[in-house]
Structures are given as C-alpha cells and as structure tokens.
Amino acid sequence: MAEADLREIGEIERTTGLSIWGEEAYRAELEKGNSIMLVAVSAAREFDAEQQRRVSGFIVARVTADEVHINNVAVREGARGQGLGSLLLAAALDQAKRARAQMAVLEVRASNRAAQMLYVKHNFVVAGRRRNYYKTPPEDALVMTAAL
Ligand SMILES: CC(C)(COP(=O)(O)OP(=O)(O)OC[C@H]1O[C@@H](n2cnc3c(N)ncnc32)[C@H](O)[C@@H]1OP(=O)(O)O)[C@@H](O)C(=O)NCCC(=O)NCCS
C-alpha cells in the first residue's frame with residue numbers, strides 16, 4: 001500500500017460495510033511503518049486512459065510480539081470470488097510469520113459468513129465471542145485465531 005492508494009482504500013472501505021477507519025487513519029498507519037499493509041492491484045486495460053491501475057482490495061494487520069492482529073481486509077464488490085481476499089490474507093500471514101508471529105487473531109461480525117469462510121480456509125477457528133462488539137448496526141464479534 002502506498003500514499004497514492006489511499007483515496008481508493010477509503011472508497012472501498014465506504015462501500016464494503018467495514019467499520020470506518022478513514023483515509024487519515026490509514027495514512028498515519030502507513031507513516032508509522034510498523035503495520036503490514038498490502039493492496040491487490042488490477043492492471044489498466046478495462047479502465048479509462050487516466051487510470052493505469054486500480055486497487056481491488058487491501059489488508060491491514062499489525063504484529064505485536066508473537067501475535068498478528070488482522071485489522072481490516074476487503075475486496076471491491078465487483079472483484080470478489082476470484083481469490084483476491086485469499087491471496088491478500090495469505091500474503092499478510094506469510095509476512096507476519098517472517099516477522100516471527102506465531103499466532104493470528106481477528107474479530108469478525110457474527111453474521112459475516114463470507115469472511116468467516118475465508119478465515120476457516122486459512123486455518124482459523126472460533127476462539128470466543130465478544131457481545132455487542134460492533135456498533136451501527138450493533139452485533140457480536142466472533143474472535144478467531146490461527147496458529148502460524
Ligand atoms: C470477505 C472478502 C474479503 C472475501 O474476498 P474474496 O476476494 O471474495 O474472497 P476469495 O475469492 O479469495 O474467497 C476465498 C474464500 O472465502 C470464502 N468466501 C468468499 N466469498 C464467500 C461467500 N460469498 N460465501 C461463502 N464463502 C465465501 C470461501 O471459503 C472462499 O474459498 P473458495 O473459493 O475455495 O470457496 C469479501 O467478501 C469482502 O470484501 N467482504 C466485505 C468486507 C468484509 O466483510 N471484510 C472482512 C471484515 S472482518
């Protein structure tokens with residue numbers, strides 16, 4: 001992820017139902033430089049002449065001691081179901097392992113089956129539940145973990 005991607009990251013965030021961080025929060029995270037921040041980029045062809053590349057998805061994760069926390073992962077609606085979410089997650093987990101993380105952890109809305117299936121595919125299991133963790137709309141979070 002680079003500074004030039006932030007406008008599109010903000011757009012994806014607004015249209016995918018994620019909890020909103022906002023462009024400024026991503027910029028601050030980029031500047032700090034201690035997070036794993038990756039984008040999936042599609043090459044030009046079908047876009048207009050001005051746009052040479054398009055951000056189709058992104059992931060943000062942070063390693064603290066021996067644990068990586070997956071904060072956000074999203075793929076544009078029109079680009080889903082093609083393996084991008086899986087590629088992004090695998091790349092972030094791989095980078096975390098190289099940074100010596102031994103465990104991955106994340107929260108996911110209890111109703112978000114697609115994301116849960118993605119995580120299960122990458123060996124995550126449900127480790128707990130946080131009541132009313134999410135606002136707008138209020139909902140429980142499942143806590144999922146994976147050994148790396
Ligand atoms: C979750 C999300 C990132 C998946 O991205 P994607 O690129 O469509 O996922 P992939 O094509 O890589 O699919 C990987 C796996 O995820 C699961 N999956 C993806 N979409 C699914 C769906 N609609 N229903 C059930 N499982 C699904 C499947 O296990 C799939 O593996 P398979 O293709 O072998 O069956 C995407 O749906 C998204 O952006 N959702 C909105 C944002 C979000 O909810 N993020 C997670 C916050 S915790």
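Residues numbered from 1 in each chain as written. Predicted model: local features only at pLDDT ≥ 70, side-chain atom pairs only at ≥ 80, totals over all residues. Heavy atoms only, no water.

Caption draft 1: Quick look at the site of the ligand. For the ligand, the set of nearby residues contains 21 residues, the closest of which are Val73, Val75, Gly85, Asn112 and Lys121. Val75 places a main-chain nitrogen or oxygen 2.8 Å from an oxygen atom of the ligand. Here an oxygen atom of the ligand and a backbone polar atom of Ser86 are 2.8 Å apart. Here the ligand has 930 Å² of accessible area as a free molecule, and 71% of this is covered by the chains. Contributions of two or more residues to the shell around the ligand are made by β3 (67-75), α3 (84-98), β4 (103-109) and α4 (113-121). Considered class by class, the residues forming the shell around the ligand number eleven nonpolar, seven polar and three charged. (Near = heavy atom within 4 Å. Polar contact = N/O pair within 3.5 Å; in protein donor to acceptor, adjacent residues only side chain to side chain. Areas by Shrake-Rupley, 256 points an atom, 1.4 Å probe, with all protein chains shown as cover. Helix = DSSP H or I, 4+ residues; strand = E, 2+ residues; numbered from the N terminus. Nonpolar A, V, L, I, M, F, W, Y, C, P; charged D, E, K, R; others polar.)

Caption draft 2: Geometry of the nonpolar core. Formed by 26 residues in total, the largest nonpolar core has its most connected members in Leu89, Tyr119 and Phe124. Every element with two or more residues in this core is listed here: β1 (35-43), β2 (53-64), β3, α3, β4, α4 and β6 (139-147). In terms of residues, this core owes the most to one element, α3, which gives six residues. Look past the residues within four positions of Leu89 in its chain and what remains in contact with it is Ile59, Ile70, Leu118, Tyr119, His122 and Phe124. The next biggest cluster of nonpolar side chains, apart from the first, holds ten residues, and it includes Met1, Met37, Val55 and Phe58. (Core = buried A, V, L, I, M, F, W, Y, C linked by side-chain atoms within 4.5 Å. Buried < 20%, exposed > 50% of the residue type's maximum accessible area, 1.4 Å probe, protein only. Contact = heavy atoms within 4.5 Å.)

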